[in-house]
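# A closer look at the structure
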Amino acid sequence: MAAGAVVGAWMLVLSLWGTVMGDQNITARIGKPVVLNCKGAPKKPPQQLEWKLNTGRTEAWKVLSPQGDPWDSVARVLPNGSLLLPAVGIQDEGTFRCRATSRSGKETKSNYRVRVYQIPGKPEIVDPASELMAGVPNKVGTCVSEGGYPAGTLNWLLDGKTLIPDGKGVSVKEETKRHPKTGLFTLHSELMVTPARGGALHPTFSCSFTPGLPRRRALHTAPIQLRVWSERRGGEGPNVDAVPLKEVQLVVEPEGGAVAPGGTVTLTCEAPAQPPPQIHWIKDKQARRGRLQALWKGRGWKP
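Let me sum up the structure you'll find in this document. Because the structure is predicted, anything quoted here is derived from the model rather than measured. (Residues numbered from 1 in each chain as written. Predicted model: local features only at pLDDT ≥ 70, side-chain atom pairs only at ≥ 80, totals over all residues. Heavy atoms only, no water.)

### Looking at the sheet that holds strand E7 (residues 94-101)
Rule in force here: Note on pairing: two strands pair once DSSP finds at least 2 bridges between them. For the purposes of this entry, the term helix denotes a DSSP run of H or I that reaches at least four residues, the term strand denotes a run of E that reaches at least two, and both are numbered from the N terminus. An axis is simply a line fitted to the C-alpha atoms; with a helix, the fit covers only the stretch in contact. Between two such axes, the angle follows the N-to-C directions and lies from 0 to 180 degrees.
Strand order in the open sheet formed by five strands is E1-E8-E7-E3-E4, and the pairing between neighbours is mixed. Bordering the open sheet on either side are strand E1 (24-29) and strand E4 (62-64), each of which pairs with just one other strand. Recorded for the sheet is a direction-independent mean angle of 25 degrees between the axes of neighbouring strands. Where E1 and strand E8 (residues 107-117) come together, six bridges link them in parallel fashion. Each residue of the ladder has a partner; that of Asn25, found in E8, is Arg113.

### Here we look at the pairing of E7
For strand E3 (residues 48-55) and E7, the ladder comprises eight bridges, and the chain directions are antiparallel. Bridging across to E7, Asn54 finds its partner in Thr95. Pairing of E7 with E8, which is carried by eight bridges, proceeds in the antiparallel orientation. Following the sheet pairing, Phe96 is matched in E8 by Tyr112. Between the end of E7 and the start of E8, which pair antiparallel, lie five residues, with Gly105 showing a positive phi angle near 95 degrees.

### Focus: the state of the cysteines
As a reminder of what qualifies: Disulfides are defined as pairs of cysteine sulfur atoms found within 2.5 Å of each other. Here the term buried applies to any residue with accessible area under 20% of the maximum for its type, exposed to any over 50%, and partly exposed to those in between, with areas from a 1.4 Å probe on protein chains only.
This model, assessed by the stated rule, comprises two disulfides. There is a disulfide in this structure between Cys38 and Cys98, and the S-S distance comes to 1.8 Å. The S-S bond linking Cys38 to Cys98 shows a torsion near -70 degrees; that makes this disulfide left-handed. Pair noted here: Cys38 is in the loop between strand E2 (34-36) and E3 and Cys98 is in strand E7, with a separation of 60 residues, a long-range link. Take Cys38 and Cys98: they sit in the same class, and that class is buried. Two residues, Cys143 and Cys207, share a disulfide whose sulfurs are 2.1 Å apart. Between Cys143 and Cys207 the sulfur-sulfur dihedral comes to about -90 degrees; the bridge is accordingly left-handed. Placement of the pair is Cys143 in strand E11 (residues 138-148) and Cys207 in strand E16 (residues 204-210), with a sequence separation of 64 residues. Each member of the pair, Cys143 as well as Cys207, carries the same accessibility label: buried. Counting only the cysteines that form disulfides, in the order they appear in the chain, gives the pairing 1-2, 3-4.

### Quick look at the pairing of E11
Across the eleven residues of E11, eight count as buried, placing the element largely inside the fold. Bridge count for strand E9 (residues 124-126) against E11 is three bridges, and the pairing is antiparallel. Its bridge partner being in E11, Glu124 is matched across the sheet by Val144. In this structure, E11 lies alongside strand E15 (residues 185-193), joined through nine bridges in antiparallel fashion. Each bridged residue has a counterpart across the sheet, and for Lys139 the counterpart in E15 is Met192.

Remember that the coordinates give geometry; whether it matters functionally is a separate question.
As structure tokens, then:
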């Protein structure tokens, strides 16, 4: 590559990132270029300077100089003494040091600690519940974040407030996986809650991803609103919802209900509810609050 082309590349990178000088911590997005300035280096060749780097690509300190060839297109010293990383990656995280000697013999050192990041896609709640039951553990859903670095964290929110797992009413099961080739992380967070009896009927849940590096804003899922059922469906009082009429069935045995005088007719009220509902029977327009017979559909429950 011609010297003019190299200088042109450096000028482009510098216009994007600015000049980095002194002892600094550098944070760069994966795939972007980074220029590290060698403080005290003469502006024009010949230059007395040496770059040393210890990163995920090296087993020990590696030395680069202006006279050396580009190192596997990973890093190279520019004509003004700065070090160019054309497309920084996870393996470039580490320490970079430059030692420059001016024409007057003064020695200057520059130290950098480079870290990289990748913003994942917006997190999503997969397999969300359609409803919750008060007083028993319920799975709300699983929050998933893919393609981030560093791993970061997932947090659940209830009505806009962070949920703190306590192992009782709120529990979270987390899993972190790392892609074997890209090194990027996928996070899973499964939320279980036990709604309080008499609590909110329509709680709203959401999930947020907090990056592993500071000063990066959190990413939020779309909220989901769920309905909480009481164990007393169809009854009275707080946190009570009726079983839809189309889901309640009356089974008559024998079929048709025709029997001889003195015979027996069995009426079975089937309602798909858990826990089993309280059954109210009406004869000749008068309510009879007794549990004559009730079966919970699918479980064969009897009072």
